[in-house]
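Examination of the molecular architecture
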Amino acid sequence: MTTYIIRRTLMAFPLLFLITIISFAMMQMAPGDPTALMMDPMIKQENLAAYKEAYGLNDNVVVQYIRWLGNMIQGNFGESLIRQGVPVSDLILARLPNTLILMIVSSVIAFLISIPLGVISATKRNSLTDYSITFVSFLGVATPNFWIGLVLIMFLSVHMGWFPTGGVATLGEPFSIWDRIHHLILPAFVLATADMAGLTRYSRSSMLEVLRQDYIRTAKANGFRSGTVIFKHGLRNGLIPIITILGLMLPSFIGGSVIIESIFAWPGIGLLFVEAAFQRDYPVIMAVVVIAASLVVIGNLIADILYAIFDPRIEY
C-alpha cells in the first residue's frame, strides 16, 4: 500500500505542472493589454515601453512562464493590476478560509443527507419510499443549484426573514459564531445540493451490490438484527466506492462556489475570481485557477489514498 500511495503522489506533480502551462497559456491568449489597466491612458509611448521592459513583459513567452512559475513556487503570485501594490497572495489568503469553510460544511451536509437516503432507498427497494427518494434525486440533478439559491433567498430571506440574504457576517455587529453560522447555512446547503442527488444514487447502487453478497445473507441467517447487518456489515463495505466519489465531488464544489459565492455575496476565492474576470486582473485569475486546480488534484489524491487504506486489495 505504501508503494501505491507514493506512486499516486508522484503522478500528481506532472499534472500540476501541466495545469500551470495551460493556465499561463490561457492568460497569454486573453484579449486586451493588461498594462492598460494600470497606466494613465495619456501616458507617453516611451514611458509605457519602459514600464513593460521593467516588468519583463517584452521577454519571450517561455522566459515569462519560467519566471512566473519560479515566483509561484515561492508563493509569489505577483501584484494585482487593479489593486496596485497589493500582492495577489494576500488577496487569496484573505478569501481562501471562507471558501474552505463553505466547501467543508457543504461536503458534510451532502454526506449526512445523501448516504442515509441512499441506504434507506436500497433497503426498501421498489417501495414507495424508494421511488420517492429516486424522484427527488432526479429532480435534484435536473435543477440548477443557482436557481435553488435564488428561490431560497426569495422565500426564506426576503419573505420570511429567517436567513440573511448574503455576506459572511452582519455589518456593524461584533463577532459571533452563531452569526457566522446563520450566514453560512443557506449558501452551504445550496452548494451541497449540486452533489446530493448524485451521491444518493451512488450510495443506493453501492448498498444494493453489498446487500446481494453472501456474507450479508449469512449474517441474516445467523439471527443478527437488520440494523446491525446493514450498518455494521453492509454500510462499512458499501462506503468504499463512495470514497472515490469524494475526489470527483471537489471540482463541482469549486466550480459551484464561483456561482454560489456570487449569489450570496460570500467573500471567497470564487467571488474574487468573478471580480478579477470582470476587471481583467490577470495575475489574480491565474493564481485562482492554479490554486483551484491544485485543490482538485489534491482532493483526488486524498481519495486514492483513502481508498487504498480502506480497501487493502487495491495493492494487488
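Before any of the text, the structure's been laid out above.
Residues numbered from 1 in each chain as written. Predicted model: local features only at pLDDT ≥ 70, side-chain atom pairs only at ≥ 80, totals over all residues. Heavy atoms only, no water.

Next up on the list: the overall build of the protein. If you tally the helices and strands in the protein, you get twelve helices and zero strands. Listing each helix as α and each strand as β along the protein from the N terminus yields α-α-α-α-α-α-α-α-α-α-α-α. Counting over 316 residues, the protein shows a buried share of 39%. Pairs at least 24 residues apart make up 73% of the contacts formed inside the protein by residues separated by at least 6 positions. (Helix = DSSP H or I, 4+ residues; strand = E, 2+ residues; numbered from the N terminus. Buried < 20%, exposed > 50% of the residue type's maximum accessible area, 1.4 Å probe, protein only. Contact = heavy atoms within 4.5 Å.)

In this section: the pattern of salt bridges. Any two side chains of opposite charge can pair, so long as their charged atoms come close to each other. Tallied over the entire structure, the rule returns one salt bridge. Here Arg 95 ties to Glu 275 by a salt bridge, and the two come within 3.2 Å at their closest N and O atoms. A residue pair is termed long-range when its members are at least 10 positions apart, and Arg 95 in helix H4 (residues 88-123) and Glu 275 in helix H11 (residues 269-279) qualify at 180 residues. A residue is classified by how much of its surface remains accessible, and Glu 275, at 26% relative accessible area, is partly exposed. (Salt bridge = Lys/Arg side-chain N within 4 Å of Asp/Glu carboxyl O.)

Right, let's get into helix H6 (residues 145-159). Under the 1.5 Å per step criterion, the end-to-end length of H6 is 20 Å for 15 residues, consistent within 8% with the ideal 21 Å. Along H6, the largest kink reaches about 30 degrees and is centred on Ile 153. A positive phi of about 70 degrees marks Gly 161, the residue just after H6. (Expected span 1.5 Å × (residues − 1). Bend = angle between axes of the 7 residues up to and from the residue.)

Interhelical geometry of H4 versus helix H7 (residues 177-211) gives an angle of 35 degrees and a closest axis separation of 5 Å. In terms of crossing hand, the pair formed by H4 and H7 is right-handed. A breakdown of the residues in the contact of H4 with H7 according to their chemical character gives 22 nonpolar, seven polar and one charged. (Axes fitted to C-alpha atoms, helices over the stretch in contact; angles between N-to-C directions. Left-handed = near helix turned anticlockwise from the far one by under 90°. Nonpolar A, V, L, I, M, F, W, Y, C, P; charged D, E, K, R; others polar.)

What follows is about unusual backbone geometry. Not every positive phi belongs to a glycine, and Ala 265 is a case in point at roughly 50 degrees. Mapped onto the elements of the fold, Ala 265 is located in the loop between helix H10 (240-263) and H11.

Time to look at the nonpolar core. Judged by nonpolar contacts, the single largest core of 22 residues is most densely connected at Trp 68, Met 72, Phe 77, Val 88, Ile 92, Leu 272 and Val 284. Those elements giving two or more residues to this core turn out to be helix H1 (2-28), helix H3 (61-73), H4, H11 and helix H12 (282-310). At eight residues, H12 tops the list of elements feeding residues into this core. For Val 284, the residues in contact, after removing those within four places along its chain, are Ser 80, Val 88, Leu 91, Leu 272 and Ala 276. Within the second largest apolar cluster, 14 residues are counted, among which are Leu 186, Ala 188, Leu 191 and Phe 264. (Core = buried A, V, L, I, M, F, W, Y, C linked by side-chain atoms within 4.5 Å.)

Let us look at the environment of Leu 139. Mapped onto the secondary structure, Leu 139 falls in helix H5 (residues 128-142). Judged by its relative accessible area of 47%, Leu 139 falls in the partly exposed class.

Let's shift gears to the packing of H4 against H11. The interhelical angle for the contact between H4 and H11, taken along N-to-C directions, is 135 degrees, at an axis separation of 8 Å. Taken together, the axes of H4 and H11 lie oblique to each other. Note on element contacts: H11 touches H4 through Ile 269, Gly 270, Leu 271, Leu 272 and Glu 275, opposite Leu 91, Ile 92, Arg 95, Leu 96 and Thr 99. (Parallel < 35°, antiparallel > 145°, perpendicular 65-115°, else oblique.)

Right, let's talk about the side chain of Thr 193 for a bit. The topology assignment puts Thr 193 in helix H7. Classification of Thr 193 as buried rests on a relative accessible area of 12%. What Thr 193 contacts, discounting residues up to four positions off in sequence, is Asn 145 and Ile 148.

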